[in-house]
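# Survey of secondary and tertiary structure
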Amino acid sequence: MPLQQQRPTGKGANQEAVRRHNLGTLLGHVHRDGDVSRAALTTRMDLNRSTIAALVAELERLGVVAQATPRGDRQGAGRPSLHVRPGEREVCVIAVELRVESIELARIGLGGAVLGRRSAPIGPGADPDAAADEVVRTAADLLTDVADDALLVGIGVGMPGIVSTEDGRIHYAPNLEWSDVAFSDLLEQRVGGEIPVVIGNDANLGVLAEHARGVARGMTDVVYLSGDVGVGGGLITRGRHLLGTVGYAGEVGHMRISTDGRRCRCGNRGCWEAEIGALAVADALESASHETAHLVDLLERVDAPSSSLREVGFKLGVGITNLVNIFDPQAVILGGLLSALYPAVQDDVDAEIRRGTLDSEDRRTEVLLPGLGRDSVLVGAGELAFGAMMADPLLVSGAAEGAVAQVRASVSV
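This is a predicted model, so every value here is computed, not measured.

Summed over the entire model, instances satisfying the criterion amount to 27 salt bridges. D35 serves as the salt-bridge partner of R85, at 2.7 Å between the closest nitrogen and oxygen. Of the two residues, R85 is situated in strand β3 (residues 83–86) and D35 in the loop between α1 (13–33) and β1 (36–37); the sequence distance between them amounts to 50 residues. Here D35 falls in the partly exposed class, since its relative accessible area comes to 31%. When the shortest N-O distance is used, the salt bridge between R408 and D148 registers 2.8 Å. Highlighted residues: R408 in helix α15 (residues 403–410) and D148 in the loop between α4 (128–142) and β7 (151–159), separated in sequence by 260 residues. By relative accessible area, which is 58% here, D148 ends up exposed.

What follows covers the layout of surface pockets. By volume, the largest pocket amounts to about 590 Å³. As for the largest pocket, its lining consists of 38 residues, and the residues nearest its centre are D202, S226, D228, V229 and G230. Every element with two or more residues in the lining of the largest pocket is listed here: β4 (91–98), β12 (222–227), β13 (231–237), α9 (292–300), β15 (331–336), α11 (338–344) and α13 (376–391). For the lining of the largest pocket, the element with the highest residue contribution is α9, accounting for 4 residues. Its boundaries defined by the atoms lining it, the second largest pocket holds a volume of some 380 Å³. For the lining of the second largest pocket, the elements supplying multiple residues, two or more each, are β11 (197–201), α6 (202–213), β14 (240–242) and α13.

Mapped onto the secondary structure, N14 falls in helix α1. We classify N14 as exposed; its relative accessible area is 63%. With 153 residues separating them along the chain, N14 and D167 place their C-alpha atoms 29 Å apart.

Conventions we followed
- Residues numbered from 1 in each chain as written.
- Predicted model: local features only at pLDDT ≥ 70, side-chain atom pairs only at ≥ 80, totals over all residues.
- Heavy atoms only, no water.
- Salt bridge = Lys/Arg side-chain N within 4 Å of Asp/Glu carboxyl O.
- Helix = DSSP H or I, 4+ residues; strand = E, 2+ residues; numbered from the N terminus.
- Buried < 20%, exposed > 50% of the residue type's maximum accessible area, 1.4 Å probe, protein only.
- 1 Å grid on protein atoms, 1.4 Å probe; cavity = no way out; pocket = protein on both sides within 12 Å on 5 of 7 lines; lining within 4 Å.
- Points joined across faces, edges and corners; volume = space filled by probe spheres on them.

Put into structure tokens, the structure is as follows:
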């Protein structure tokens, strides 16, 4: 069943709520930075040293953080500040990325470290129940050697399609041939319903990860493009994640750039993803296979792009130009297959961006490759799954007791 926070009542209600909020905020700083001094926490959270010490001690009793004095760390006169970092007790999530050709899983620990990974094949049109079975089997394998007292605090899933922010349902994933699928429910049923499962669009999770841990860290306005068979966009504007009313923001792959272009899986012609996605790239490379790994290998060997591949590059530039003119970002990050396509056709892409953007001489938009490589969506799924822990470490830690054994047991029958 989903976690339900027990709200304190009576005279101490506000104080308890503030304490829990502060515990989550402090843990969030440790998770984001991996190692942070108590002095820095005092400044960031605008709390006195004794309050910070008490909060750290409470998290330390849970085993989720530890304190140490780094060698050579002296800040002027007096005793050096203790540093807070993830504790010896493993706190982790299972991150899942549903791709058109495979399911990628990673075990991600507090602090963002990838502790293990697995991959399982999947094909277009794969049944959601079969996919859910494979996710749980692979997750159990990832947890084989994990200590029984580890805290598995959630499962995060990224997938290529429209995901509702209201109920987490997959409304439409044309490249998986899924429609109106409650995939999070399918996973929760298989692991006993006690481990929370959260789901998000792959591009939205990609921009979340790159903004938190990748090449866009410190930026306020970013567009992330997730591109393989389809193309999706994740948006950060003024430092805030833009999802839209119910989660449909960022469906840039269905931006039409031609009225008589290639037929898209959505039924229209000339959609951007039809013109620059894996099928278009495969045709331009004269490849019988449109598997991403194969196309990446071919693109990395390109010395002088053919006219057909240059046309794909031109259309990539057209779409990026539209996004730059609409959102005025500091960076457009190209993920997935697009990260291999761009270096092969960079001259054509950059030329079109210069030609098409307004006030191009004054623009500061950069086209960048992901700092996290192919892991952007996986890391973003992990960040999503850690969200509840950062909101209320006490509640989630208690609920996560025994979760590792629960996942193992779900596939042992």
